[in-house]
Amino acid sequence: QEHLVESGGGLVQAGGSLSLSCAASGFIFPEYAIGWFRQAPGKEREFVASISGPGYGKLYSDSVKGRFTISRDNTKNVTYLQMENLSPEDTAVYICAADPRTNCAGYVCFVRSAGGYGENYWGKGTQVTVSS
């Protein structure tokens, strides 16, 4: 079962915008923190943003702060990543992750096992390509 499915990726010119979605199923969505990561060819997976279960806690990487906005709709089991002023350096596969620790934030928390809290989940990603 695919617990997380990303959509909304595509090709955009530098300076443009895209909105990504991460649809969740098979777990109690409002209890899970959601994170967005990205991975460019030949590079390690990079943390982008995260949001707590209730949606109050948000964390952004320095590279996207002020340009990207993470949000969630707990009535629809969907998390969004609104991306503005995109640059070629933002080109990557964007992947969402879910962690049962509701206030999980940042790279380390999401990549570590949740242990007794339950399973964490990762999507397969959606490609974002920004042309110069």
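Everything below is about the structure printed above this text.
Summary of the structure given here. Predicted, not measured: the structure shown is a model, and the values here were computed from it.

**Digging into unusual backbone geometry**
At step 1: One non-glycine residue, asparagine 77, adopts positive backbone phi at about 60 degrees.
At step 2: When you line up the elements, asparagine 77 lands in the loop between β7 (68–73) and β8 (78–83).
At step 3: Using a relative accessible area of 24% as the deciding quantity, one classes asparagine 77 as partly exposed.
At step 4: Positive phi values are uncommon outside glycine, yet asparagine 85 reaches one of about 50 degrees.
At step 5: With respect to the element layout, asparagine 85 can be found in the loop between β8 and β9 (92–99).

**Focus: the state of the cysteines**
Defined simply, a disulfide is a covalent bond joining two cysteines at their sulfur atoms.
At step 1: This structure, assessed with the given rule, holds 2 disulfides.
At step 2: Across a sulfur-sulfur distance of 2.0 Å, cysteine 22 and cysteine 96 are joined as a disulfide pair. Sign of the S-S torsion, about 65 degrees for the bond between cysteine 22 and cysteine 96, identifies this disulfide as right-handed. Of this pair, cysteine 22 sits in strand β3 (residues 18–24) while cysteine 96 sits in strand β9, and the two are 74 residues apart along the sequence.
At step 3: On the accessibility criterion, cysteine 22 (1% relative accessible area) is buried.
At step 4: Here cysteine 104 is linked by a disulfide to cysteine 109, with a sulfur-sulfur distance of 2.1 Å. Here the S-S torsion is close to -135 degrees, and the disulfide linking cysteine 104 with cysteine 109 is therefore left-handed. Neither residue differs from the other here; cysteine 104 and cysteine 109 are each classed as buried.
At step 5: For the chain, the disulfide bridges join cysteines in the arrangement 1-2, 3-4, where the cysteines are counted in sequence order.

**Some points on the side chain of histidine 3**
At step 1: Locating histidine 3 in the fold gives a position in the segment before β1 (4–7).
At step 2: Excluding residues that lie within four positions of it along the chain, histidine 3 makes contacts with Ala23, Ala24, Ser25, Gly26, Phe27 and Tyr121.

**Quick word on the nonpolar core**
At step 1: By size, the foremost hydrophobic cluster in this structure holds 29 residues, and its most contacted members are Trp36, Leu81, Met83 and Tyr94.
At step 2: Elements with a contribution of two residues or more to this core: β3, β4 (33–39), β5 (46–51), β7, β8, β9 and β11 (126–131).
At step 3: Residues within four places of tyrosine 94 in sequence aside, it is in contact with Glu6, Leu20, Trp36, Phe37, Arg38, Val48, Phe68, Leu81, Met83, Gly125, Thr126 and Val128.
At step 4: Listed in part, the 7 residues of the second largest apolar core include Phe37, Ala97, Cys109 and Phe110.

**Section: a nonpolar patch on the surface**
At step 1: Taken together, the side chains of Tyr107, Val108, Val111 and Trp122 make up a nonpolar region of the molecular surface, amounting to roughly 330 Å² of accessible area.
At step 2: The element best represented in the nonpolar patch is helix α1 (residues 106–111), accounting for 3 residues.
At step 3: Take valine 108: it is sitting in helix α1.
At step 4: The class for valine 108 is partly exposed, based on a relative accessible area of 47%.

**Notes on the sheet that holds β7**
At step 1: Across the sheet, which stays open at both edges, the 4 strands sit in the order β1-β3-β8-β7 with antiparallel pairing between neighbours. If you trace the sheet from one side to the other, it starts and ends with β1 and β7, each paired once. Ignoring which end each strand starts from, the neighbouring axes of this sheet average 15 degrees apart.
At step 2: Note: β3 against β8, 6 bridges, orientation antiparallel. Bridged to leucine 20 within β8 is leucine 81.

Analysis parameters
- Residues numbered from 1 in each chain as written.
- Predicted model: local features only at pLDDT ≥ 70, side-chain atom pairs only at ≥ 80, totals over all residues.
- Heavy atoms only, no water.
- Helix = DSSP H or I, 4+ residues; strand = E, 2+ residues; numbered from the N terminus.
- Buried < 20%, exposed > 50% of the residue type's maximum accessible area, 1.4 Å probe, protein only.
- Disulfide = S-S within 2.5 Å.
- Contact = heavy atoms within 4.5 Å.
- Core = buried A, V, L, I, M, F, W, Y, C linked by side-chain atoms within 4.5 Å.
- Patch = residues over 30% accessible without salt bridge, like charges linked within 9 Å, V, L, I, M, F, W, Y side chains within 5 Å.
- Areas by Shrake-Rupley, 256 points an atom, 1.4 Å probe, with all protein chains shown as cover.
- Salt bridge = Lys/Arg side-chain N within 4 Å of Asp/Glu carboxyl O.
- Pairing = 2+ DSSP bridges.
- Axes fitted to C-alpha atoms, helices over the stretch in contact; angles between N-to-C directions.

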